[in-house]
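Remarks on the overall topology
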Amino acid sequence: MDNNCIFCKIINNEIPSKKIYEDDDFLAMLDIAPATKGHVLIVPKEHAETMAELSDEKLSKILVLAKKIINAMKKVHNFTDYNIIQNNGRLAGQTVGHYHMHLIPRYSVDEVSLWSPHENDPSVTSDMAEQVRKLL
Ligand code: 5GP
Ligand code: ZN
């Protein structure tokens, strides 16, 4: 628990939230400012700022839980398509410093925009691929 963390306070029931799921490891709740109707956040109870600090055990469980929650959400909201987004760090758009995963239903008309594609530079990408491959 981090005393300055809003999600830790929600987990600790110090701040109210619209919870949709809870177990020993995770809490899932409706986002307070949803990107689309039904936007859910899955939050591990362990305080970890980004994916790098979250334990492998929790990381390996969270996607399975996401699938389960999405299946339930589909029965309530009328959608088939969705984005799973997880921001790490301020430049990536992270505003709450406690790891969380966004489950965002997509509708034929909505206002979610992800990224714009750019022209590929083969010299840069082949060099990058080589460098990263060596580290794995
Ligand atoms: P991030 O930008 O860090 O990836 O996402 C943070 C998300 O948390 C945002 O979508 C924001 O609307 C949501 N959020 C921030 N404060 C609260 C809160 O107090 N309660 C709930 N339910 N969601 C929150
Ligand atoms: Zn926290």
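In this convention, every chain numbers its residues from 1, walking through the sequence in written order. To label them, take the chains in the order written and letter them from A, then take the ligands in the order written and number them from 1. The predicted nature of this model means local features are confined to residues of pLDDT at least 70 and side-chain atom pairs, given and counted, to a pLDDT of 80 or more, with totals for whole chains, interfaces and linings taken over all residues. Think of the side-chain values as coming from all heavy atoms in the structure, minus any hydrogens and water.

Notes on the site of ligand 1
Definition of nearness: a residue and a molecule or strand are near each other if at least one heavy atom of the residue lies within 4 Å of the molecule or strand. Around ligand 1, a shell composed of 16 residues is seen, among which Asp-31, Asn-87, Gly-93, Thr-95 and His-102 lie nearest. Here an oxygen atom of ligand 1 and a side-chain polar atom of Asn-87 are 2.9 Å apart. Here Thr-95 contributes a backbone N or O atom positioned 2.7 Å from an oxygen atom of ligand 1. Only DSSP runs of H or I covering at least 4 residues are called helices, and only runs of E covering at least 2 are called strands; the numbering of each starts at the N terminus. At the level of elements, α1 (6-11) and β2 (26-30) are the ones that each hand at least two residues to the shell around ligand 1. In terms of residue count, α1 provides more of the shell around ligand 1 than any other element does, three residues in total. When grouped by side-chain class, the residues that make up the shell around ligand 1 number nine nonpolar, six polar and one charged. Under the rule applied, a polar contact is a pair of N or O atoms within 3.5 Å (in protein, one hydrogen donor and one hydrogen acceptor; residues adjacent in sequence only if both atoms are side-chain atoms). Ten residue types, Ala, Val, Leu, Ile, Met, Phe, Trp, Tyr, Cys and Pro, are classed as nonpolar, four, Asp, Glu, Lys and Arg, as charged, and the remainder, Gly among them, as polar.

Regarding the packing of aromatic side chains
Side-chain rings of Phe, Tyr and Trp, where Trp is taken by its six-membered ring, are said to pair if the distance between their centres is within 6.5 Å; with planes under 30 degrees apart they count as stacked, over 60 as edge-to-face, and otherwise as tilted. One pass over the structure, following the stated rule, counts one aromatic pair. For the ring pair Phe-79 and Tyr-107, a centre distance of 6.3 Å and an interplane angle of 75° mean the geometry is edge-to-face. With Phe-79 in the loop between α2 (56-76) and β4 (81-85) and Tyr-107 in the loop between β5 (101-106) and α3 (122-135), the pair connects residues that are 28 residues apart, well separated along the chain. Of note, Lys-37 hangs over the ring of Tyr-107, and the distance from its end group to the ring centre comes to 5.4 Å. Lysine NZ or arginine CZ positioned within 6 Å of the ring centre and within 35 degrees of the ring normal marks a charge as sitting over the ring.

A short note on the pattern of salt bridges
What makes a salt bridge here is a side-chain nitrogen of Lys or Arg within 4 Å of a carboxyl oxygen of Asp or Glu, nothing more. Overall, the coordinates contain eight salt bridges when judged by the stated rule. Between Glu-46 and Lys-58 there is a salt bridge whose closest N-O contact spans 3.0 Å. Within this pair, whereas Glu-46 is found in the loop between β3 (40-44) and α2, its partner Lys-58 is found in helix α2, the two being separated by twelve residues in sequence. Type-normalised accessible area, obtained with a 1.4 Å probe on protein chains alone, sets the label of each residue: buried when under 20%, exposed when over 50%, and partly exposed for intermediate values. Accessibility expressed as a relative area gives 11% for Lys-58, which makes it buried. Ionic pairing is found between Arg-106 and Asp-110, a salt bridge with its closest N-O pair at 2.8 Å. Taking relative accessible area as the criterion, Arg-106 reaches 23% and is therefore assigned partly exposed. A residue is classified by how much of its surface remains accessible, and Asp-110, at 23% relative accessible area, is partly exposed. Each of the salt bridges in this network shares a partner with another, and the network as a whole consists of Lys-19, Glu-22 and Lys-45.

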